[in-house]
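Listed below are the residues making up each chain.
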Amino acid sequence: MKIPVMELFGPTIQGEGMVIGQKTMFVRTGGCDYSCSWCDSSFTWDGSARSTLMETEAIVSELEKIGGERFSHVTISGGNPALHKGIGELIELCHQRGWKVAVETQGSLWQDWMLAIDDVTISPKPPSSGMETDFAKLDHYIEQLTAASSNASLKVVIFDEADFTYAEHVHKRYPAVPFFLQIGNDDSTTTDDEALVAKLLSRFEWLIERTIESKEMNDVKVLPQLHTLLWGNKRGV
Ligand SMILES: C[S@@+](CC[C@H](N)C(=O)[O-])C[C@H]1O[C@@H](n2cnc3c(N)ncnc32)[C@H](O)[C@@H]1O
Ligand SMILES: Nc1nc2[nH]cc(C(=O)O)c2c(=O)[nH]1
Ligand code: SF4
Ligand SMILES: [Mg+2]
């Protein structure tokens, strides 16, 4: 089956969430059912860049070509990878080669292949994104993953106080799911890395302090986007 691919890159490290630091390749798919105001990968859905329709075997060959034998983990992100049925076949091909597979999605669309993923990150969107969470859909998502004992986590990006309140609500609704807070990057186009890092570290400190204050947030992890601290807004890292 064919999948629209925006970019394939790596090996790099996973810069976010539950498997932060994990050496991994990335497959970034095209298209999203959301349009978050601060999306750092808006080229996947805003028409500014083109995807390439690729057979799953060709994706695997390309990963082998650019990553050689220097990886055993593949992260599928987007856009929303859950738009694409063909990813089930891609997961199978990766597993046949002994690679683990992670996915990044916002939890708005379900695919049965989600149950075959080794690390599922669900990132529901807070008010600052301009998107609205369909909690009935998210409930269903979490139920299916929990029933299958999937290795899943929730990750909420935080820009402001309203986002923090939203995150408290989400964590309270799904207390058994490992929960991550991630600092938001409000300037995902600047090339001034020094100023960007200074701003992100100061926002990170604010988020840590805010979390320390909150009695709803006793069992959470607070993280930056490690790749942004290291490489700024550079694409393909
Ligand atoms: C580009 S999205 C693609 C996967 C999926 N559409 C999603 O949103 O989960 C990958 C991750 O980047 C996060 N992200 C996007 N823009 C960001 C920004 N400006 N600052 C911090 N995190 C951001 C998303 O919340 C998500 O967790
Ligand atoms: N290094 C690195 N880590 C990431 N974690 C999530 C990413 C994404 O854009 O989905 C991402 C990315 O683009 N690069
Ligand atoms: S859901 Fe993810 S890819 Fe889609 S617009 Fe939001 S951050 Fe970007
Ligand atoms: Mg990213």
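Thresholds, definitions, all that
Residues numbered from 1 in each chain as written. Chains lettered and ligands numbered in written order. Predicted model: local features only at pLDDT ≥ 70, side-chain atom pairs only at ≥ 80, totals over all residues. UniProt positions renumbered as here; feature names shortened; annotations may be inferred. Helix = DSSP H or I, 4+ residues; strand = E, 2+ residues; numbered from the N terminus. Contact = placed C-beta atoms within 7 Å. Buried ≥ 20, exposed ≤ 12 C-beta atoms within 10 Å, placed from the backbone. Near = placed C-beta within 6 Å. Nonpolar A, V, L, I, M, F, W, Y, C, P; charged D, E, K, R; others polar.

1. A few points about the UniProt feature "binding site: S-adenosyl-L-methionine" (unreviewed entry) in the protein
When the UniProt feature table is mapped onto this chain, "binding site: S-adenosyl-L-methionine" (unreviewed entry) is found at Trp38, Cys39, Asp40, Gly79, Ser123, Pro124 and Lys125. Looking at where Gly79 falls in the secondary structure, it is placed in the loop between strand 4 (73-77) and helix 2 (87-96). Beyond its immediate stretch of four places on either side in the chain, Gly79 contacts Met6, Arg28, Thr29, Gly30, Gly31, Cys32, Ser41, Thr44 and Trp45. Overall, the presence of 26 C-beta atoms within 10 Å leaves Pro124 in the buried class. Non-local contacts of Pro124, meaning those with residues more than four positions away in its chain, are made with Gln106, Gly107, Thr133, Leu138, Leu154, Val156 and Val170.

2. What to know about the environment of Glu194
By secondary structure assignment, the location of Glu194 is in helix 5 (residues 193-213). For Glu194, a count of 8 C-beta atoms within 10 Å corresponds to the exposed category. Residues Glu194 and Leu229 lie 35 residues apart in sequence; the distance between their C-alpha atoms is 9.3 Å.

3. Examining the site of ligand 3
Taken together, Cys32, Tyr34, Ser35, Cys36, Cys39, Ser41, Thr44, Gly78, Gly79, Asn80 and Gln106 are the residues near ligand 3. Partitioning the shell around ligand 3 into residue classes produces four nonpolar, seven polar and no charged.

4. Concerning the site of ligand 2
Residues in close proximity to ligand 2 include Thr12, Ile13, Gln14, Gly15, Glu16, Phe26, Ser41, Ser77, Glu104, His227 and Val237, which together make up its full environment. The class makeup of the residues in the shell around ligand 2 is three nonpolar, six polar and two charged.

5. Observations regarding unusual backbone geometry
Here the residue pair Gly10 and Pro11 is connected by a cis peptide bond, since its omega of -5 degrees sits within 30 degrees of zero. Topologically, Pro11 is positioned in strand 1 (residues 2-13). In this structure, Ser149 is a non-glycine residue whose phi angle is positive, near 50 degrees. Secondary-structure assignment places Ser149 in the loop between helix 3 (135-147) and strand 7 (152-158).

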